[in-house]
Amino acid sequence: MIYEEIPIREEGSAEYARLQVYIQDTPYDGSLKVKRRPLILICPGGAYMRTSYREGEPTALHFLSKGYHACVLRYSVAPVHFPTQVLEVGRSVKLIRDHAAEWNVDADRIVVQGSSAGGHLAASYGVFWDQDFLASRLRAETEELRPRGIMLSYPVITADPKYAHTESFEMLLGDEYESSSEKVSLEKQVTKSTPPCFLWHTMEDETVPVENSLLFTMALRRENIPAELHIFPEGAHGLSLASPVVERENGEGVQAECARWIDLADAWLERLFG
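Residues numbered from 1 in each chain as written. Predicted model: local features only at pLDDT ≥ 70, side-chain atom pairs only at ≥ 80, totals over all residues. Heavy atoms only, no water.

Moving on to the side chain of Asp-266. Mapped onto the elements, Asp-266 comes out in helix α9 (residues 261-273). Not counting residues up to four positions away in its chain, the partners in contact with Asp-266 are His-62, Phe-63, Lys-66 and Tyr-68. (Helix = DSSP H or I, 4+ residues; strand = E, 2+ residues; numbered from the N terminus. Contact = heavy atoms within 4.5 Å.)

Encoded structure:
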């Protein structure tokens, strides 16, 4: 495996913003049929205050074990505000495409995954990827920025006060919270160009209510965007892989039934890629 850290710099980006790149070696002796692999771009959660380790590298290592390349985006968080984070995702997608030949990436099979606030970022990219502000500020052709799909784990989606994780929106928007929250309430931003989506959530999530995933799925349905949603009856917020690999020191963070989500996502990816 090749590991590299690449700084990501957009206007307003924090110094620490970087892309952690995990690329599987491709042998030159012709011993493997697979030459170019899909890539999963991972956006960890953390309420736009930090980026979680548990939702980053362990997820990347899982997808590596399944034959994908993976990247973890350590995007800028508060006091850096929207749209810098979405631009950083776009820059990462363009960088991956620019290195596709070198890294043996199938550039038409890049999927963006995110958890919690990272799910909001992944979904933001899913609804905004073809908007002019991204292409112009990244100096890219719109098609260079197209994701093949998005995968969302217990995502922050809505700014509706009944269901919002208000802290994430306050960190993302700062002083523009009141004026801009509608724009980043993502169930209102889905268009016909939003890519196919896989989502999962739990009914017991008290931090980011399950309505976030339901609202986004209904918006996808209205636009006839293919979507797969799984709701598990039990489990707290922030489960990541929900397996012992990501168990917290206090014993929390494991939910055996929810750990099935990653196998369901693997099956969804196989169907997505045909």
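To continue, consider the pattern of salt bridges. On inspection of all chains with the given rule, the structure shows 13 salt bridges. When the shortest N-O distance is used, the salt bridge between Lys-94 and Glu-144 registers 4.0 Å. Residue Lys-94 is located in helix α2 (residues 84-98), and its partner Glu-144 is located in the loop between α5 (132-138) and β6 (149-153); the two are separated by 50 residues in the primary sequence. Residue Arg-146 is joined to Glu-143 by a salt bridge in which the shortest nitrogen-to-oxygen separation is 2.7 Å. Salt bridges here are not isolated pairs; linked through shared partners, they connect Lys-94, Asp-98 and Glu-144. (Salt bridge = Lys/Arg side-chain N within 4 Å of Asp/Glu carboxyl O.)

Here we take up the sheet that holds strand β5 (residues 105-115). Read from one edge to the other, the open sheet built from eight strands follows the order β1-β2-β4-β3-β5-β6-β7-β8, with strand pairing classed as mixed. Of all strands in the sheet, those with a lone pairing partner are β1 (2-7) and β8 (227-232), marking the two edges. Strand-to-strand, the axes of this sheet are offset by a mean angle of 15 degrees, without reference to chain direction. Judged from the six bridges that link them, β1 and strand β2 (residues 18-23) form a sheet pairing that is antiparallel. When the bridges of β2 are listed, Ile-6 appears paired with Leu-19. Across the sheet, helix α1 (residues 57-65) lies against β2, β3 (37-43), β4 (69-74), β5 and β6, angled at about 165 degrees from β4, the strand it touches most. (Pairing = 2+ DSSP bridges. Axes fitted to C-alpha atoms, helices over the stretch in contact; angles between N-to-C directions.)

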